[in-house]
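# Structural overview for review
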Amino acid sequence: MPLEQLLPTLLLVAWLAPLASFVVSALAGSVLARGKGSVEANAARTIGHVATGAIGVSLIASVLALGGWVSAHPVGEGHGEAAAPLVGEWFGVLDVGSLHVGAGYYIDALTVVMAVVVTLIATCVHVYSLGYLADETASEGADAVTDHEAITADGQPLRRAGRLHRFYQHLSLFCFAMLGVVLAGNAVMTFAFWELVGASSYLLIGFYYERPKAGAAATKAMLFNRVGDVGMLVALAAIWGLAGTFDYDKLFAAAPTWFTSHYGLATLIGAGLFCGCIGKSAQVPLQAWLPDAMAGPTPVSALVHSATMVAAGVFLVGRIYPLLTVEVLVGIATVGAITLLVGATLATVSHDLKRVLAYSTVSQLGYMMLALGLGGWTAGLFHLVTHAGFKALLFLGAGSVIHAVGTNDLRAMGGLRRTMPFTAGLMLVGLLALVGAGLPVLGLGLSGFFSKDAIFEQAIAFSRANPSYGWLFWAPLIGAVLTALYITRMWLLAFVGRPRTEAAEHAHESPESMLVPMLVVATMAIGAGWAVPGSGVSVPALLETSAPATTHQSRSGSIWRALSLPGTCEAHEPNVRSAAALAALGATLAGATIALVMHRGGRKCETPAGEPLRQLDEHWLPGLSRGADSLTRGLGAFVAGPVDRGLVDGGFRGAAGLLTLVGVALRRAQTGSLRQYVFFLALGVVLVGVASLGAAYRWIAG
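Computed from a predicted model, the values in this text were never measured in an experiment.

### Here we look at the pairing of strand β2 (residues 99-107)
The element β2 is extensively covered by neighbouring structure, given that 8 of its 9 residues are classed as buried. Direction of pairing for strand β1 (residues 86-96) relative to β2: antiparallel, over a ladder of 9 bridges. The partner of F91 across the bridge, within β2, is A103. Where β1 hands over to β2, the hairpin turn is made up of 2 residues, of which G97 adopts a positive phi near 60°.

What follows is the structure, encoded as structure tokens:
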């Protein structure tokens, strides 16, 4: 089979397998629960195995597609040659006038790499969940699940039947939606699956919907994402008006013409599309939903907050990169720099294990946006891949700890390395990958070492080309110090010292069904930045084969002409690389040293600003969200009340009343008497005649 047919077929199988699993598990769950109210334990586990097998099929198909792409587009040492994408359509969906929308595909190196990352992490999460959610197979009665965070009206913990089958239904739907975003060949398909990702994440985050925090977190995530999506809708309307098509290949071909003739509108389109990415990737000011989303099951956090939902915004920026003007890109970099500092700062003071990792995700997404905005297309997406590995590992490790001690509170842990040595060691691997541990002199390190250095290289090149924007280099440097500080602090509080509670003292290692997926993602966290021995194939070299042409050379803005975006060549100069490596290493060592000194000093890694920042995180920021919510509700009530019902409806009612009065007055003149009608007709003729004679007389007289 020709490659042009093989790759779309393989990726179609990868995409539809989770959908088939969703349909089968939904139907089976409905049939098996009929008349019982719950699904038996064996049936629930079978549904979980079916879903796991389906996503395993997706992984195999994605890996085969990656292999096919690499075989057709060999990558040597350094960067591969540019490769044309495969563009086509599986089937049509909508034809209205000149508008045609279909299930199309746009396959390049970014597509196949992202498909492998998503399906690999999803497969690990599916397997992990079989052990983590083992109690969700319980039926009603004596064996029912007891949820101590959901209190009934009589003050007792909620007892309910398990719903493992429903969890896997939602997980399959989410994977189908995420792969739809990755494979989409047009902007309408992207937006449709973008919204489905949001809807399915609502179901996953709110899995424990009886808990008030879980329900509120799911709603908050949905609403925050909808705010950003308004900008996307505006951008899509502008795209249709400007180009008359939504197909990516046609839009990318037309982009250079836009930059010449419609630069302002092109800037508006890019800014609108990025608004959607702000919501989905939890960038400032729409970042508050992500830490609250930790109310969902930990496997959901590992999937949603490592390689899928939050990564969708970064992926979309990478996909639409040829449509983005220099001004929009620098705006993206600015938002990313602020986000990485906010996330890292709040992570240093949180006592909630999952919340630390959530703010870490916010910060790392900021790094990715910063790199993309500074012209580092490959660097930003490379960090997306490495982050998927080490952050999934950290979240799965956090789930292992919570499964053992029954709490997220770091203050209730301590000394777990003695009772949970495998989890402690694997989370240490995730820690080292996150901080970018490595030896610059030898060029050896974990995955984060390579991707973070690439980001620093781009930041240095940009700051040299734009000295007035030097803070865009200092922001990631300070962020690197804070990253090493918060993640070292987290690990020390959880695994070092004496157990601070009885639960920590009697903790136990997790079962193999949870440890094996952690080992798999640990391998990814270690080696995702390495090149395949003897081939020169690596993630950055592979991505470079599909990098937009605009990334290879510097370009300037048209609105802010002083802005200059350096190309990748400037970022890869030897002096820039050495400066980036030393800066990253120094920042990492500084942050880790501060955490170690504070811990040895008996302060349990508490910073002087810890309490005020916790108040900011736990009270002030939620208060701002509630204030914005109240303001929005008040504005909506005002628009719906005085404006809509009073002014608009009152105006229409007034106009209708006036017309009614005029109609009544005119109706009185309609007597039905023919003699009266003839009289008024004759009178009208006489009046018109008199007026005409008067006008003629005035014209003759002069």
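### A word on the side chain of S62
Within the element layout of this structure, S62 appears in helix α2 (residues 41-72). With relative accessibility at 1%, the residue S62 sits in the buried group. Among the polar contacts listed, one links the side chain of S62 to the backbone oxygen of S58, at a separation of 2.8 Å. Every residue in contact with S62, bar those within four places of it in the chain, is listed here: A14, A115, V116 and T119.

### So, empty space enclosed by the protein
Going through the model one piece at a time under the given rule, you end up with 4 cavities of 30 Å³ or more. One number sums up the size of the largest cavity: a volume of about 70 Å³. Considering the residues around the largest cavity, the lining is formed by A187, T190, F191, M232, L236, I239, Y248, L251, L273, L316, I320 and L323. For the lining of the largest cavity, the secondary structure elements donating two or more residues are α5 (187-205), α6 (212-243) and α7 (248-261). In terms of residue class, the lining of the largest cavity is made up of 11 nonpolar, 1 polar and no charged.

### Considerations on helix α20 (residues 512-527)
With 16 residues, α20 should reach 22 Å at 1.5 Å per residue; the first-to-last C-alpha distance of 22 Å fits that figure. Along α20, the positions that sit buried rather than exposed are M514, L515, P517, M518, V521, A522, M524 and A525. The secondary structure elements touched by the buried residues of α20 are α3 (109-132), α14 (377-405), α16 (421-435) and α17 (447-465).

### Describing the pairing of strand β4 (residues 157-160)
Side chains of β4 alternate between two faces, with L158 and R160 buried and P157 and R159 left unburied. Pairing of strand β3 (residues 145-151) with β4, which is carried by 4 bridges, proceeds in the antiparallel orientation. Bridge assignment links T146 to a residue of β4, and that residue is R159. Connecting the antiparallel pair β3 and β4 is a turn made up of 5 residues, with G155 showing a positive phi of about 85°.

### Focus: the packing of aromatic side chains
Two aromatic rings are characterised by how far apart their centres lie and by the angle between their planes. According to the stated counting rule, one finds 19 aromatic pairs in the structure shown. Ring centres of F449 and F450 lie 5.0 Å apart, and the angle between their planes is 75°; this geometry places the pair in the edge-to-face category. An angle of 80° between the planes, with centres 6.5 Å apart, marks the rings of F456 and F473 as edge-to-face. A residue pair is termed long-range when its members are at least 10 positions apart, and F456 in helix α17 and F473 in helix α18 (residues 471-495) qualify at 17 residues. Assessed through its relative accessible area of 1%, F456 is described here as buried. F473 sits in the buried class, given a relative accessible area of 14%. Here the aromatic residues W15, W90, Y105, F176 and F193 are joined through ring pairs into a cluster of three or more.

### Things to note about the state of the cysteines
Applying the stated criterion across every chain, the model contains 0 disulfides. A disulfide-free cysteine, C124 has its sulfur positioned 12 Å from the sulfur of C175, the nearest such atom. Classification of C124 as buried rests on a relative accessible area of 6%. By relative accessible area, C175 is classed as buried at 2%.

### Things to note about the UniProt feature "domain: NADH-Ubiquinone oxidoreductase (complex I) chain 5 N-terminal" (unreviewed entry) in the protein chain
Look at the UniProt record and you will see "domain: NADH-Ubiquinone oxidoreductase (complex I) chain 5 N-terminal" (unreviewed entry) annotated at residues 94-136. Counting secondary structure, residues 94-136 comes out at 56% helix and 28% strand; the distance between its end C-alpha atoms is 41 Å.

### Details of the environment of G414
Topologically, G414 is positioned in the loop between α14 and α15 (416-419). By relative accessible area, which is 0% here, G414 ends up buried. In sequence terms G414 and S546 are 132 residues apart; their C-alpha atoms lie 46 Å from each other. When sequence neighbours within four positions are dropped, the list of residues in contact with G414 reads L493, A494, V496, G497, R498, P499, R500 and A504.

### Some remarks on the pattern of salt bridges
Under the criterion given, the structure shown has 10 salt bridges. Between D292 and R355 there is a salt bridge; the shortest N-O distance is 3.5 Å. In this pair, D292 is assigned in helix α9 (residues 289-292) and R355 in helix α13 (residues 353-373), connecting sequence segments 63 residues apart. D292 gets classed as partly exposed once you look at its relative accessible area, which sits at 23%. Residue R411 is joined to D409 by a salt bridge in which the shortest nitrogen-to-oxygen separation is 3.1 Å. Since its relative accessible area comes to 24%, D409 is described here as partly exposed.

Conventions used here
- Residues numbered from 1 in each chain as written.
- Predicted model: local features only at pLDDT ≥ 70, side-chain atom pairs only at ≥ 80, totals over all residues.
- Heavy atoms only, no water.
- Buried < 20%, exposed > 50% of the residue type's maximum accessible area, 1.4 Å probe, protein only.
- Helix = DSSP H or I, 4+ residues; strand = E, 2+ residues; numbered from the N terminus.
- Pairing = 2+ DSSP bridges.
- Polar contact = N/O pair within 3.5 Å; in protein donor to acceptor, adjacent residues only side chain to side chain.
- Contact = heavy atoms within 4.5 Å.
- 1 Å grid on protein atoms, 1.4 Å probe; cavity = no way out; pocket = protein on both sides within 12 Å on 5 of 7 lines; lining within 4 Å.
- Points joined across faces, edges and corners; volume = space filled by probe spheres on them.
- Nonpolar A, V, L, I, M, F, W, Y, C, P; charged D, E, K, R; others polar.
- Expected span 1.5 Å × (residues − 1).
- Phe/Tyr/Trp six-rings, centres within 6.5 Å; stacked < 30°, edge-to-face > 60°.
- Disulfide = S-S within 2.5 Å.
- UniProt positions renumbered as here; feature names shortened; annotations may be inferred.
- Salt bridge = Lys/Arg side-chain N within 4 Å of Asp/Glu carboxyl O.

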